[in-house]
Structures are given as C-alpha cells and as structure tokens.
Number of protein chains: 2
Amino acid sequence: MSAAVDPVLAHVDAHIGESLERLMALVRIPSISTDPAYAAQCTKAGQWLVDDLAGQGYDASLRQTAGHPMVVAHDKGATSGPHVLFYGHYDVQPVDPIGLWSSDPFEPALREGPDGEKEITGRGTSDDKGQLLTFVEACRAWKAVHGTLPLRVTFLFEGEEESGSPSLLPFLDATGDELRADVALVCDTDMWGPDTPSINSMLRGLVGEELTITCADKDLHSGMFGSAARNPNQVLAEIIASLRNPDGSVAIEGFYDDVAEVPAAVAEQWRNLGFSEAGYLGSVGLKTPAGEAGRSVLEQIWSRPTCEINGMWGGYTGDGFKTVIPSKASAKISFRLVSGQDPVKIRAAFRAHVEARLPADCTVSFKPHGGSPAITVPVDGPYLAPALAALTDEWNKPAVVVGSGGSIPVVGEFKRRLGMDTLLIGFARIDDRIHSPNEKYNLKSFHKGIRSWVRVLDALAAVK
Amino acid sequence: MSAAVDPVLAHVDAHIGESLERLMALVRIPSISTDPAYAAQCTKAGQWLVDDLAGQGYDASLRQTAGHPMVVAHDKGATSGPHVLFYGHYDVQPVDPIGLWSSDPFEPALREGPDGEKEITGRGTSDDKGQLLTFVEACRAWKAVHGTLPLRVTFLFEGEEESGSPSLLPFLDATGDELRADVALVCDTDMWGPDTPSINSMLRGLVGEELTITCADKDLHSGMFGSAARNPNQVLAEIIASLRNPDGSVAIEGFYDDVAEVPAAVAEQWRNLGFSEAGYLGSVGLKTPAGEAGRSVLEQIWSRPTCEINGMWGGYTGDGFKTVIPSKASAKISFRLVSGQDPVKIRAAFRAHVEARLPADCTVSFKPHGGSPAITVPVDGPYLAPALAALTDEWNKPAVVVGSGGSIPVVGEFKRRLGMDTLLIGFARIDDRIHSPNEKYNLKSFHKGIRSWVRVLDALAAVK
C-alpha cells in the first residue's frame, strides 16, 4: 500500500454523508429498464451520471443506442499505470409485487436493520446503483486529495442490464477501440460473507425464453367446453413438469452433454470456504436443496446448470373466480449455464423438448430473452493477487476467490470482443433482496466498498 | 295455443326496438360481481330492474344481502293458473383480457355478424341480461295487451351468480315462503342449435378451489438461488400435471367413485341429436377431444366430470424478463361434477391429492370458491311437455331435451330448499362468447326468445 492511500481514506470517511446523498438522489430516479413506461427515467438516470462525472472533470457523455443510452466517461489526468474500464449499470429491476414493500422503493432511507446495522433501502440501492457508486466515490475522493487518479480510468454504465443488454453488443463493437483497457472492473457481485471480501472467478451463463401455448382460438366457458377442449394451462403445466427429473436434474435431452466437473483443486477450495448450506437456505426460509441430488448447494448454484420458471400465467388471475378455459398460457423460463454449455444449443434443445410434447390442437411460440455463455475468469492474471491483497487490507480478513450462480453477460463480451479479462469485485450481501421487495444495501457495504476501491486503485496502479 | 297469444306476439314484434333499448341500457351498467370495485354498479343494475318492474305495475323491491342485493317482484294480477318463479342474474363476468375486445364491453351495439345475422355486442348481452329480459319483455307485452298475466309470476334476480352466489342460500332460506312456486323457470342456457330450441335436463355441478404454494419466504434471484431453492412455479406445474392421466381422465383418487353411466335410453337419445363433434370443436379452432379417451364429446361435457385449470400465475408476468424465483405460485381450479358426486368429498380428495405431492420446504393454502352438486331435472313432470310444444310452435322445429356441461347451482337449491323443479329454457347460442371477449347475443335469440316466452306462459297457464 502506498502512502497516497491514507489521506484518501480519511477523505472518504469525512465525506461519507455527501456520498450517501448522491446515492439516494440516483435511487430516486425509477430507471426500470424492462418497462417501456420508464424509458424517460432511464435516460434521466444516465444523464444524472453524466452530469456527476462531468462535474468531477471527466470527459463524460451520454451515448444514444437503439434502447436506453450508455454513459461513457474518460479520465484524462493519469498518464501512467494500467488502464482500467469500470462497468456498472444504472437500470433497476421492476418493483412488483409492490404491496410487499414496506416503503416506497424509490424513496430511499437510512434505517437500522434487524441485525443492528444501518441499511440504505430502495430499489437499486444494491443492484447496481450503490455498487457502481462505490467506485465513482473512490475516484472522487482520490481526485479531491491528489488532483489526478493513480491510473487511467474509463467508466461505462449501461441502462439495460436488467433486460438482457440488447444494445451492449452493438455498442461494444462500435466503440471497442475507445473502451478497450488492460483490465475491466465490474462491481455487481456479493461479498462472500458480511465481513469477508471476495473476487468471483466463475459466473453462470443465461438463456432466457418466453413461450406461449395456444389451444382454442378464443377463451372458452369451462362448463360448455370443460374436458372436451384442450386447456393450455394444463398443457403448459405438463410441459413445465417435464423439464425436471425426480432427482432434481434437468430432463432436456443433451442438457448436460458439455458440462464438465469442476477441477478437484477448485472443489477442494470450495469445501474449505466454510459454507453453511443450512445458513444459506435458512436465510430465505428453506431447508432442503432442491437441485440435483448428491450435489452440494455450492455445486448446484455455481457449477451446475439449471432451469427455472421465472414466471407463468394463463386464464383468470384476479379476485374471485372465472370459469374460463383460456386460449393461451405463457411462461418465462431461464437456464443458468456453466462452462462448456452453448446458449444456442441449449435454446434449441429446450424448444425441441417443448415441441415434442405438444398435444393435439396446440401451437407454441417462443420469444428469446438474451443468451450468454458462462464465464471463467483466470485466477493467474497480474491483477487478481494485488486486488485480493487490497481487499484483505481493508476488511482485515483474507479475501477469497469464489464462484457465483448469477450471470453477468458483459464479462464474456469484454473478453470476446475487447480481449479484456475482468475482476469481479462487489460489496453486496446475500440478504440484500436484489430483484425482490425491500431491496437494501448496507451502509457498511457502501462505505467500506468505497474504501476498498481506494485501496484497489492504489494496488492496480502499481502493476507493471 | 290459446287465442290470447297472437295479439301479444304482434305487440312484441311492434315494440322490439324498445325492448332492445332496454337491454342496451342494462348492459351499459358494468355489474361485475367478482370485483369489489364494481359493487356500486351491481346495486345500480339491481335497482334498474326494480325500477323497470315497478314501472310495469309489479310489487318490486331491492333486498339487501351480505353481498350484492336481490331483486324480487310479484305480479298481483293473475288469480288462477300455476305460480311460476322466474330466476335470472344481473351480474356479469369480468372483461379481461380487455385488449381482445373489438369494442367497449359496456357500450353495446347492434352489428352484423360474420354469418349475416344481427348481433347485440357487449358483456352480459347473452349471460344473462339478454336472456333474463326475454322473459321480462314477454310479460310486459302480455300485460300491455291483456292487462293481466295468464298465470301467477314472481321474479327473482340475483347479482352474484358469476361469483358463486354466496348470498343466495341464506336468502332462499329466509324468504322461501315468499318465493316458493309450482315451478321455477331459468333462462341461462343455450339452444341446441341456431334454430333448434331445447330444454336442459342435466347440469353439471361445480367445485371451485384456489390454491397457493409457498416455498421461500421472499422472492429470490434465480442466479443466486437457482436450482438450490425450491421454485413454487415448478411445484405448482408438477401438481397440476399430476391431476390428469395420459388418457385424459382425472387422476385424483376416488374421483370417479360415485359417477354412474347415463341410462341407455338417454345415451341413445344423445346419439340421435345429430351432434357434430367436428363442428362443435371446430367453432373454437379445435379438432381433437381432450377429455377421457373413448368417450364422445357429449359425454365429456354432459355426463363426465372434469377438472379445469381456470387460472394460474406465479413470478414475473410483465413485459421483458425478470430472473426471479417467486415465493408463491397460485392457481384457480374448478371441477365440474356429475350426478352422484358429492362436492364436499371431491374438494377433500383434491386437497389430499395436492398435500400428498408437496415436496420439502413447501406449504399450501386453499381457498374455496363455491360448491354445488350436479342437477337432474325430471323429464316426466307436468310442465315439460307443454313447454316443449310451445317452443316447437315458435321455432318450427321440434324442441329437444338435452344435457349441459355448465353449472347453475340455483336449480339444485330450488329443489332442495323450496321443493321446486325447474324448467331450463334459454336462447343463447354456443358461439355467444359468454365469459370471453366480444360476448354477443343474437337479435334473433332476443326477439324469438321473447316470443317463445309468450307461448310458454300461455302453455303453462293451461296446466291444471
């Protein structure tokens, strides 16, 4: 650690209240990217970031895309050290079911959580507005103290991460020369434990599919047609049921063909992480792993693929009762992929599985929602060890290398299109309720996250 | 047919335009009984009927219940002939999916249908506002011509038929002496064909159930928990799939225990009805009967019980995609029962079936939505033959005795609580799209329905 760090950390501590106010201002903008009704709010959130970055002296601009705009900012100050590209996203998940929120998702507040820790509540506080601002605030403090950053930094924030990033690939292809750096930094992951920092080296891929089963050409009265007419709710349920075997594995033909076992050394390391299956499942009210029998929970969520029904609907779903046989029933289904699996092949296998099980008088239509392979980040690159050391310094606990069940498609695209590896460093907690009602980000995640980035910036600047 | 009929029929023809205007006025009141937001509109529709009946000189009143009010009206004019109780319902089904309506469901219009016939469009035009007004208008015409009705008439209109009639039983128990008549008339059924009148002698019963499966105590991110956490969408789909056997029969233990085959004579009569399975299914875009293998479509919808998934939902169902594992998933499921089946026993068997299939970490809650046994109307009573003859006169085609897959619980309650049999006479058509978008009632159903009731009133008045 260089001598430059301490005054920056002191500056962070002295100005944490202002950092928090900026986070709250950004959270107040309801930038839900999946809902077209919030398009203007997405642009507003992007512009907020541009204004903030330009105000700090960066060369910042909002870049239009076919969807929500990108934010790109370059620091022109540093002339030495590696060049890092920091990526985050300013869009957030929808908030339904809104009735389960205990306060307005877009009116953030600082409250005491059940464990006595201070929490910042609101949609996007953790995923990803709080996380991305830890980096922005670390750079702000460094510049405030030293005038220039210790290494070259480019910022990239997108507004479509929660809706499959449709504009990201064309944008990377068009602006690759401008964005290419020595290493990418992504802050969209959890810590291993409340006080155990971690860097992710494995991310599952994702294939999203929406399917609609159509039977009759109109909704029917179940008294007049009940049993004689094919019911798409029943058909869809039977198809969904057929996706899983009784042992918890996925029943699609060829699904596991390209799945490799994790290397023995990695498996050994996972066993030594002290992971509590009971604690993990117990935190959400569960006790029994539902995935492949004979696999540990860490395997189930990190190194084994899965199929999840994220949404399904058909017929009458309001109050009371309606004796209808609907014309259509639909589901949103996602597959988490592991290293080796090809999203194109998995999507095709799923569709073939459905089509082979379609009874008489039914048609099916499919709509793709994103597809990306799993990612494995090399653990022997020049940046990982210094970053781990910096995190260890801040948290006074050894930083660990872990896997993740989630998917961050941009990491694969950085590698594929720009030739960059990524360091996945995040400060979220497993109980942050991202994508759920009552999302929160611990003040400690935010504050020590900023401090962590100050140390990581310093450590990476020293890499030759 | 008595000489009294012809001038009444002429009056009906001369004033059909005014009758139509009254139907449209009633349809304009959005009396959706299942949705609490429309409670005031239900009362408004009931009051509209009271005002109309009182204006014709009946002793009419709105009777409060724990739910939507009842309309009761007595004709005090006739002193001879049998006493008939006419039952209908002024409430209507919800209108979703609203996007599939080609015009406002509550702004009725007279249009030419694809077959060149004039249709009255709008929610409730057929079920049941149009149907109930055929009787009201027939009585109006009779009184206008002759001053008094040819037999004693009591009107009973409820506002909760589409939501399980929760207030009907207590009301029948409390006002049975006032309502008891020699025979009940119910106009909530179809004609056998576009020009073939019919009287229904069998109605299936109905058991409605809503179930909710709960797994985790909050919505989860499918990346972080996918495969390790039990997904209630998957559990619900597997349970729904388990309700049916591959041969189309219902797989609940004991479901068919009390189901008898229809008598050979009835089966023979059904075979002679000239029913076209291809035409029936083809009218809604289907070709293949989905019910029990080896059973005709008429058996499937009239004399065999079934289980239909009327609604199911869980997780994210909006635009775009959300990688959530929901905490809960729900379904609305109805059972159509046939003669011999006990609603209480069937409900219990269904719940036991679900509970036996609940995997680890899941709980289920059930909510009942009505339950009524099937009805068989005797075909040898004093009123059936004269009514069939009257219908035959009006339509110039022999009226037939048929079954029905639908459920009209009030018919069973009239028998059980008031000792009355019922004549089920209706003029709806199979393609009226009741309970669906773009509901309509043919002008011919309405006009000749009124004329039919004029003849039936005359015929029943002559029964000693």
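That block above? That's the structure.
Residues numbered from 1 in each chain as written. Chains lettered and ligands numbered in written order. Predicted model: local features only at pLDDT ≥ 70, side-chain atom pairs only at ≥ 80, totals over all residues. Heavy atoms only, no water.

Some words on the sheet that holds strand β18 (residues 440-442) of chain B
Residues and elements named next belong to chain B. Across the sheet, which stays open at both edges, the 3 strands sit in the order β4-β5-β18 with antiparallel pairing between neighbours. Each having just a single partner strand, β4 (109-112) and β18 make up the two edges of the open sheet. Neighbour-to-neighbour, the strand axes of this sheet turn through a mean angle of 35°, independent of strand direction. Across 4 bridges, β4 lies against strand β5 (residues 118-121) in antiparallel orientation. Directly across from Ala109, in β5, lies its bridge partner Thr121. In the packing of helix α14 (residues 443-461) onto the sheet, contacts are made with β4, β5 and β18, and the angle to β18 comes to roughly 55°. (Pairing = 2+ DSSP bridges. Helix = DSSP H or I, 4+ residues; strand = E, 2+ residues; numbered from the N terminus. Axes fitted to C-alpha atoms, helices over the stretch in contact; angles between N-to-C directions. Contact = heavy atoms within 4.5 Å.)

Points about the interface of chain A and chain B
Taken together, the contacts link 88 residues of chain A with 88 residues of chain B. When the two sides are added together, the surface that chain A and chain B hide from each other amounts to roughly 7700 Å², 55% of it contributed by carbon and sulfur. Sorting the residues of chain A by area buried against chain B places Met224, Met312 and Phe321 of chain A first, and these three jointly supply 11% of that buried surface. Along the contact surface separating chain A from chain B lie 0 salt bridges. Seen at the junction of chain A and chain B, the total is 50 residue pairs in polar contact (both at pLDDT 80 or more). Looking at the side of chain A that touches chain B element by element, the count peaks at 9 residues for strand β11 (residues 306-315) of chain A. Of the residues in the side of chain A that touches chain B, the class split is 36 nonpolar, 31 polar and 21 charged. Here β11 of chain A runs beside strand β11 (residues 306-315) of chain B; their pairing, made up of 5 bridges, is antiparallel. Residue pairing in the sheet places Trp313 of chain A in a bridge with Trp313 of chain B of β11 of chain B. (Buried area = accessible area lost by both parts, 1.4 Å probe. Salt bridge = Lys/Arg side-chain N within 4 Å of Asp/Glu carboxyl O. Polar contact = N/O pair within 3.5 Å; in protein donor to acceptor, adjacent residues only side chain to side chain. Nonpolar A, V, L, I, M, F, W, Y, C, P; charged D, E, K, R; others polar.)

Quick notes on the relation of the copies chain A and chain B
Each copy of the chain is related to the other by a rotation around an axis and a translation along that axis. Expressed as a screw operation, the relation of chain A to chain B combines 0.0 Å of axial shift with a rotation of 180°, fitting to an RMSD of 0.1 Å. With respect to symmetry, the two chain copies, as superposed, fit the operation of a two-fold axis. An overlap of 100% is found between the interface residues of chain A and their copies at the interface of chain B, pointing to a shared contact surface. (Least-squares fit on C-alpha atoms with pLDDT ≥ 70 in both.)

Overview of the environment of Leu49 of chain B
Residue and element names in this part refer to chain B. Counting through the fold element by element, Leu49 comes out in helix α3 (residues 39-55). Along the sequence, Leu49 and Val72 sit 23 residues apart, while their C-alpha atoms lie 9.4 Å from each other. Sequence-distant contacts of Leu49, defined by excluding residues within four places in its chain, comprise Leu26, Val71, Tyr90, Leu132, Leu133 and Phe157.

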